[in-house]
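# Chain and residue survey
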Amino acid sequence: MALSKPDYYAILGVFRDASLEDIKRAYFDSAQKLHPDKNVAPGETELFLEIQQAYEVLANPKRRSLYNATLPPEIEVNTAVKHEIHFSRPNLVKLGEPQLIYALLEVSSREEKSALPTPPLNICLVLDRSTSMQGEKLDIVKATAIQLLRSLRPEDVLSVVSFSDRAEVIIPASISPDKKKQEGRIQMMQASGATEIFNGLEAGMREVRRTLDPSRVNHIILLTDGKTYGDEQACLQLAEEAAALNIGITGMGIGNEWNDIFLDALASRTGGSSAYISKPKDIERLLVEKFKALINIYADDVLLELKEQEHVKINYVFRLQPEGGSVEIESHMHLGPILREAPLQVLFEFLVSPEALNGDALSLISGSLKTSITARPMPVPPIRLNLTREIHSNPSAEPPPTQILSALSRLTLYRMQERARTAADAGQYDAAARHLHNLATHLLSQGEHSLAKTALFEADNLERMHAWSASGHKDIKYQTRALLLSGVKEKAR
């Protein structure tokens, strides 16, 4: 029977077997974005009415049953995004001990790149103006903020918040033609006070929410040179609220005093990452690069919702591109954005217990991928994700795919520095030094002589002084992360 009615499940972005709770949540999320009181863009009132109609049918069991009877067989084809999965081996083996298996997930656009519109921006710069920023750092930050302001397109929104122990809105979120006045306000920023990041983030969130629009890239860029004290949990809670609204966060740290673990955790809550600015002169380059990346976003975020599988542990999840970084292992994982020019690549490491190997096949992950696409105000249908491997008595002689080998090779260096830092944090300085010596050996074999020298220098520091140098662990962490991304760029050439 031909389908003469709209596909209400596609309109709400849910599977046909979605629970009532799933349908209510999808309706609430869409209604928040498209309600006429908040959005006056052409056509969005009609979209809101479609979503309302879909909810009224699917939330009523009797009406839903009658509607389902009119539907043709379900064909799950996502017209917006596609995904591909590569495994480190074709099957698991019946063994009496735990075994590792890797899966590389790649999610990309189905649409022709030339046909993809560049989304308008809704960006807030949250800038540290504490006393430690005085001088060259603040001068470059102000000059770069003005440069970004001048580069805005007519449809873009840029707000600027400065903070120390209190926050001030320098430029409110709006599309304003009076850029000279805005530049003057940026120039008047003065350094004073201590670093309290929550004040800045909270003010930044308010500004982004003032012009929040699902058709825009909604993002906060936090730039700081210091540690915040006592408000970390409040910041992380704010990041979770931002993620629920598809507001991304990027953390940028200048110099040596900021907490990279905290900024990583803060950004990863929204699928973002942190960046290390070792020298003030690099502030301009990294901020400009970030703006260019935001303009090239196709999908704000890919959310993995999964159910825990018995006797299968997810050991590690790492985003290889577009921005390298660890992904927090949760039932709802924000994997990161999809760019117009580059897919999202995420590597999973699973530890399978012997108890899981009694049948003929094993599901490593059972869940769904949900994508938020700026160019599409309507929800994108989710993708079912079931990573399954057959279980055989003997191992396969088939070699791992080149995609997996390349991903693991690129990630090895980063994992080595992670192990060194973990050992040093636990007071195991000899073990940390050994990890750094191994890292240096691998770096030398790849021609990375300068970074190898840094690793050997830090190994010596840990053995003799039981401490890193002022910038040691950040230099190694972010340079090995940069090598990870450079491998992707070379492959793309």
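Small disclaimer: the values here were computed from a predicted structure and weren't measured.

## Things to note about helix H13 (residues 449-465)
With 17 residues, H13 extends 24 Å from end C-alpha to end C-alpha; this agrees with the ideal 24 Å at 1.5 Å per step. His466 sits one or two positions beyond H13 and adopts a positive phi of about 55 degrees.

## Some thoughts on the pairing of strand E15 (residues 361-373)
Looking down a regular strand, the side chains alternate between one sheet face and the other. Of the strand pairs in this sheet, strand E10 (residues 297-307) and E15 are connected by eight bridges, and their pairing is antiparallel. Bridging from a neighbouring strand, Val302 pairs with Thr371 of E15. In this structure, E15 lies alongside strand E16 (residues 383-392), joined through eight bridges in antiparallel fashion. For Ser368, the partnering residue across the bridge sits in E16 and is Arg384.

## A look at the packing of aromatic side chains
Overall, the coordinates contain nine aromatic pairs when judged by the stated rule. Relative to Tyr55, the ring of Tyr27 has its centre 4.1 Å away and its plane inclined at 15 degrees; by these criteria the two rings are stacked. Residue Tyr27 is found in helix H2 (residues 20-34), and its partner Tyr55 is found in helix H3 (residues 44-58); the two are separated by 28 residues along the sequence. Ring centres of Trp258 and Tyr276 lie 6.0 Å apart, and the angle between their planes is 45 degrees; this geometry places the pair in the tilted category. Of this pair, Trp258 sits in the loop between strand E8 (248-254) and helix H9 (260-268) while Tyr276 sits in strand E9 (residues 274-277), and the two are 18 residues apart along the sequence.

## Here's the deal with the pairing of strand E11 (residues 312-321)
The element E11 is largely enclosed, with a buried count of eight among its 10 residues. Note that E11 and strand E14 (residues 344-352) share eight bridges and pair antiparallel. Counted as the bridge partner of Gln321 is Gln345 from E14. Relative to strand E12 (residues 325-326), E11 runs antiparallel, the two sharing two bridges. Across the sheet, the residue bridging to Arg319 is Gly325, located in E12. Counting the residues between successive antiparallel strands, the hairpin from E11 to E12 contains three residues.

## Let's talk about the environment of Lys180
In this fold, Lys180 is placed in helix H6 (residues 179-187). Residues Lys180 and Leu149, spaced 31 residues apart in sequence, show a C-alpha to C-alpha distance of 9.9 Å.

## Examining the nonpolar core
Judged by nonpolar contacts, the single largest core of 37 residues is most densely connected at Leu304, Leu335, Phe350, Leu364, Ile365 and Leu369. Sorting the residues of this core by element identifies strand E1 (81-87), strand E3 (99-109), E10, E11, strand E13 (332-339), E14, E15 and E16 as the ones contributing at least two each. Setting aside anything within four residues of it in sequence, one finds Leu335 in contact with Leu105, Asp301, Val302, Leu304, Arg319, Val327, Leu344, Val346 and Leu369. Among the nonpolar cores identified, the runner-up in size contains 35 residues, and Leu158, Val160, Ile186 and Ile221 belong to it.

What counts as what
Residues numbered from 1 in each chain as written. Predicted model: local features only at pLDDT ≥ 70, side-chain atom pairs only at ≥ 80, totals over all residues. Heavy atoms only, no water. Helix = DSSP H or I, 4+ residues; strand = E, 2+ residues; numbered from the N terminus. Expected span 1.5 Å × (residues − 1). Pairing = 2+ DSSP bridges. Phe/Tyr/Trp six-rings, centres within 6.5 Å; stacked < 30°, edge-to-face > 60°. Buried < 20%, exposed > 50% of the residue type's maximum accessible area, 1.4 Å probe, protein only. Core = buried A, V, L, I, M, F, W, Y, C linked by side-chain atoms within 4.5 Å. Contact = heavy atoms within 4.5 Å.

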